[in-house]
Amino acid sequence: MRVFHCKWIFVGLISFLFSCKNDSTEPLLAINKNEQSMFNDQIREQYFKALDSTSYYMIQIDTLNTLSKNKSLFLKSREWYKRVEPMLIAYDYENYLSMNAPNLLKVEIDDHQDIRIQKPKSFQVLEELLYDENGFSNKELNDVLEYLKIRIPFIRNNHILISQRDRHHLKMIRDAVVNIATKGITGFDSPMLANSLNEAIYNYETLLNVLTIYKDAFANKDLYTQWKTEINTTINVLKNGSFDEFDRYSFIKLHTNNQLVLVDKTAKDWNIELSKSRALDPTVTNLFDKNFFNMKMFSMQRSPEITEERIALGKQLFNDKALSSSGTISCASCHIEEKAFTDGHAKALGVNGKELQRNSPTLTYAVYQRSLFFDGRADGLEDQIVGVTNNENEFHIDLDKLEEKIQEKPQYKAQFDSLYHGKITNMNVRNAIATYIRSLATFDSKFDRNINGLEETMTEEEVNGFNLFMGKAACATCHFPPAFNGTVSPKYMESEFENLGVPKNANFENPVLDDDWGQYYPYQVVEKKHFFKTATVRNADLTGPYMHNGVYKTLEEVVEFYNVGGGLGMGLDVPHQTLPSDSLNLTEIESKAIIAFMKTLTDKQFENLN
């Protein structure tokens, strides 16, 4: 076997079949930078095998079987689904979302006349039915089975794994690594069985199979060996762990981050570049790196470059009270820097101290929310600013008038001349303010510095708190790393909203459900009543009071609210609550550890303020 290095990296997968009359050779396979992968057939074969096996066991599940047999068949089908999952995420994301959907109604709203409410029929639903201690109806089970028995072959027969390039397959590996760390080991999609560690093993075995297909494509043979050693070591760590006790902190620090390093090395070894037109920067080698997210993909299209000068201009505008019609408030009135850009009130105060509808959320890491405001009515930071300027109890100023106010100030004119080609438009004004807000995501907290290996100052309690947050307490099933907000990994394309059954009072014995109906408006969809955006827990030590209505003054109260199962767990009538109503059974020591961890998420600039 010989390996040639020129335009392509030639792979010596040449096997000689000897006979008395002739011999034949397989064609040379190569890493191709600009054309479809020569390895597609082999990867597609893996894809088909996993889907066919998933379907094989699913088809055998039947309402006439014993429950024990159905559970056994479900686990086998689920195993093969998990083996195909990395490829589904990469090549058929919509079907991945459908097959892996949580047991929650999906409500899609385009306008008043186009409201679609779908009940999921997924593996998660099937798990909850089969393992529900209270039993289930055969009709409900059969509805889910009928869908999956048809859908899985449909996915196989309508696949698009045809013209992928080698960079797509490497991106698939990277996305799977991120998905395992941010969702796979958290219990996100194994709500009843908490079988997440075993299922992560199935993911990794698929990744190793794909890498083995590429074995001879590595110019540096030692790099493939590093991959094989790393994945096998990772699998052993997972095999030896239990869900509640698993050390997720060390797992991410020692394995996830090392795998991201190996992805980057492999891209260089194969002489390919992963696409940078996605939410994540594919060159970053640490899950909690400041540049893990691709900031450009969380900004408006054709936005000007983020520079220190534009940030500085945005900060000036952010703090300028003259931009409001009353001349008495600025953005900083409700988003005070010393309070991690909140205001310390249960509900924000507008013009003349008038109490507004909801709490002022932190603006730190707001850039990584796909929807803004607690009810998600704004699609981005520039759009969110429109809502503030138009609100009669806030800025209450027409955007054209806002332009005029800024044009009247010579210092602004000079800056806009330099930074926005002399155009003082409301769009450029909003972009400058949004640019400043985008700079408020530093990823330099005590936790970040430790998991990035810059210091070793985390206490045992703080590490335990992270592991509980990511495991037993199920916090990370809604607050996804690394921003710890509701923007869902691994694609980070949408932000989640939850119905927690938040009360209007902090009395755990006699709670009263809050009368703010959240996303029920403006379309008056009952199934969206009491839904609110999942906020970040970064800087949470500084951002109380908590919840959309500021009902809880302390983190201790917040943790207790989740521990008892939200509104339903406290006995309130909360249709469509998304938070499980059963208790987390956290001990006092565990609750304190979670809070200790959350306090390590305070950005460096705020560390000495509280």
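Our structure is the block above this text.
The rules behind these values
- Residues numbered from 1 in each chain as written.
- Predicted model: local features only at pLDDT ≥ 70, side-chain atom pairs only at ≥ 80, totals over all residues.
- Heavy atoms only, no water.
- Helix = DSSP H or I, 4+ residues; strand = E, 2+ residues; numbered from the N terminus.
- Buried < 20%, exposed > 50% of the residue type's maximum accessible area, 1.4 Å probe, protein only.
- Contact = heavy atoms within 4.5 Å.
- Pairing = 2+ DSSP bridges.
- Phe/Tyr/Trp six-rings, centres within 6.5 Å; stacked < 30°, edge-to-face > 60°.
- Lys NZ or Arg CZ within 6 Å of the ring centre and 35° of its normal.

Chemist: Looking at this structure, I do not really get unusual backbone geometry. What am I missing?
Modeler: With the exception of glycine, the majority of residues adopt a negative phi angle, and the majority of peptide bonds are in the trans configuration. Note the cis peptide between Ser 489 and Pro 490, where omega equals 0°. Residue placement: Pro 490 occurs in the loop between helix 17 (460–470) and strand 7 (497–498). Cis rather than trans, the peptide bond between Gly 544 and Pro 545 has omega equal to -5°. Assignment of secondary structure puts Pro 545 in the loop between strand 8 (532–533) and helix 18 (555–563). With a phi angle near 80°, Met 547 is a residue other than glycine that sits in the positive phi range. Within the secondary structure, Met 547 sits in the loop between strand 8 and helix 18. With phi around 65°, His 576 is a residue other than glycine that occupies positive phi space.

Chemist: How should the side chain of Gln 124 be read in this particular structure?
Modeler: Within the secondary structure layout, Gln 124 lies in helix 4 (residues 123–130). Residue class for Gln 124 comes out buried when judged on its relative accessible area of 2%. Not counting chain neighbours up to four residues away, the residues in contact with Gln 124 comprise Asn 100, Ala 101, Pro 102, Phe 188, Asp 189 and Pro 191.

Chemist: So what exactly am I meant to see when it comes to the pairing of strand 5 (residues 106–111) here?
Modeler: One face of the sheet, then the other: side chains in a regular strand alternate in exactly this way. In this sheet, strand 6 (residues 114–118) lies alongside strand 5 in antiparallel orientation, the contact comprising five bridges. Note that in strand 6 the partner of Glu 108 across the bridge is Arg 116. Hairpin remark: strand 5 followed by strand 6, antiparallel, with two residues in the connecting loop.

Chemist: Whenever I open this one, the packing of aromatic side chains confuses me. Can you help?
Modeler: Centre-to-centre distance and the angle between the planes together describe a pair of aromatic rings. Overall, the coordinates contain 43 aromatic pairs when judged by the stated rule. Through pairs of rings, three or more aromatic residues link up here, namely Tyr 249, Phe 288, Phe 447, Phe 466, Phe 469, Phe 484 and Phe 597. Residue placement shows Arg 377 over the ring face of Phe 373; its charged tip is 3.8 Å from the ring centre. The side chain of Lys 491 reaches across the aromatic face of Tyr 93, ending 5.4 Å from its centre.

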